[in-house]
Amino acid sequence: MIEDYIQMVDVIFDTDFGKTSVFLFDLEKYIYVRMGSVINLPLQIGNILPANSTSFECLHSGNKVQRMVGAEALGIAYTGVAHPIRENGMIIGGIAVTGSTERESALKKLPSLSRNLSESLQQVAAAVENIAASAQALADGGQALTIQAQEVNEKALVMEEVVEYINSVASDTKVLGLNASIEAARAGEVGRGFAVVASEIRTMAISSATSAKDIRKIIAGIQGLVGKMTSELEKVGGNTQEVSAAVEEISATIETLAESAIELAALVDNI
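Residues numbered from 1 in each chain as written. Predicted model: local features only at pLDDT ≥ 70, side-chain atom pairs only at ≥ 80, totals over all residues. Heavy atoms only, no water.

Visitor: Which residues make up helix H2 (residues 54-61), and what are the values?
Guide: Taken as a whole, H2 has its buried residues at Thr54, Ser55, Cys58 and Leu59. Buried residues in H2, looked at end-on, bunch into an arc of 135°, giving them a common side. In the core, the buried residues of H2 are packed alongside strand E1 (21-25), strand E2 (30-34), strand E3 (65-69), strand E4 (78-87) and strand E5 (90-100). Backbone geometry just after H2 places Gly62 at a positive phi near 75°. (Buried < 20%, exposed > 50% of the residue type's maximum accessible area, 1.4 Å probe, protein only. Helix = DSSP H or I, 4+ residues; strand = E, 2+ residues; numbered from the N terminus. Arc of directions from axis to C-beta. Contact = heavy atoms within 4.5 Å.)

Printed below as a string of structure tokens:
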């Protein structure tokens, strides 16, 4: 009796964790149906075997019938296989199985996908290494500029000392010129020529003091700019260090992913 094969249908169904649909049929109709979770055919117990079905064809040919069905029918491609069941040399019915071909298609695509993934990760890793090198070069350049800025600031301090000395000399010269003018006035007609020289000395002293004041302003401006530049370079250096740390972390992650891709490719080759 064909009903004796119902347990076999349950075994086949459970073997694929309920994904594959399994049908038991006699010479006319389906007598037992276990509909899988992937392929949902419009079949029920008692339905007459369609003339274009693998079930119908295997009964009339007496052989296993296998057919590929495109995704246009149910929205997903699947394979249908039907086997006739014989007792004492006579066909009494059969078992039909339908299963998705997506898994087989995925397995065919996996090797190329895993290789592409591995190659892409290697390219990303190379790009990350270039970014890391650029970040390090930027950090080194920033450090060099910071050192140069400090040197400029030190030179400005030296210039400040020179200007202070010039200012002191100008002050003393101005006093000397004033004293010389007083003495020239006392000398009368004899000291008239010396009075002209004393006046020029006072004028030079005033001019030197004014120039020293202007130079001091310029030095203060340079020191201010150098201070701002140093501060910005310190910020850039800090950001660059953070970028370098982030790049190292990304590089380690990419390396792990690349190793996983290689393992995946090896696993697929063994499937």
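Don't stop here, the text continues.
Visitor: Please set out the nonpolar core residue by residue, giving values where relevant.
Guide: With 15 residues, the main nonpolar core has Phe23, Phe25, Tyr30, Leu41 and Cys58 as its most contacted residues. For this core, the secondary-structure elements that each account for two or more residues are E1, E2, H2 and E4. Discounting chain neighbours no more than four positions away, the residues touching Leu41 are Phe23, Met35, Leu74, Tyr78 and Thr98. With 11 residues, the next largest nonpolar core counts Tyr5, Phe13, Ile31 and Tyr32 among its residues. (Core = buried A, V, L, I, M, F, W, Y, C linked by side-chain atoms within 4.5 Å.)

Visitor: An account of the sheet that holds E4 is requested, with residue identities and associated values reported.
Guide: Taken together, 5 strands build an open sheet; the order of strands is E2-E1-E5-E4-E3 and the sheet is antiparallel. Either end of the sheet is taken by a strand with one partner, and the two such strands are E2 and E3. Strand-to-strand twist of the sheet, defined as the mean angle between neighbouring strand axes without regard to direction, takes the value 15°. Strands in contact with helix H1 (residues 6-15) are E1, E2 and E5; relative to E2, the strand with the most contacts, it is inclined by about 25°. Sitting on the sheet, H2 touches E1, E2, E3, E4 and E5, and the angle it makes with E4 is about 35°. (Pairing = 2+ DSSP bridges. Axes fitted to C-alpha atoms, helices over the stretch in contact; angles between N-to-C directions.)

Visitor: Describe a nonpolar patch on the surface, with residues and values.
Guide: There is a patch of nonpolar side chains on the surface, built from Val152, Ile218 and Ile222 and spanning about 240 Å² of accessible area. Structurally, Val152 is set in helix H4 (residues 102-187). For Val152, a relative accessible area of 37% translates into the label partly exposed. (Patch = residues over 30% accessible without salt bridge, like charges linked within 9 Å, V, L, I, M, F, W, Y side chains within 5 Å. Areas by Shrake-Rupley, 256 points an atom, 1.4 Å probe, with all protein chains shown as cover. Salt bridge = Lys/Arg side-chain N within 4 Å of Asp/Glu carboxyl O.)

Visitor: Residues and numbers for the pattern of salt bridges, please.
Guide: Between side chains of opposite charge, pairing is possible as soon as their charged atoms come close. Across all of its chains, the model carries 3 salt bridges by this definition. Linking Asp10 and Arg34 is a salt bridge whose minimum nitrogen-to-oxygen distance equals 2.7 Å. With Asp10 in helix H1 and Arg34 in strand E2, this pair connects stretches of sequence that are 24 residues apart. Judged by relative accessible area, Arg34 falls into the partly exposed class, the value being 23%.

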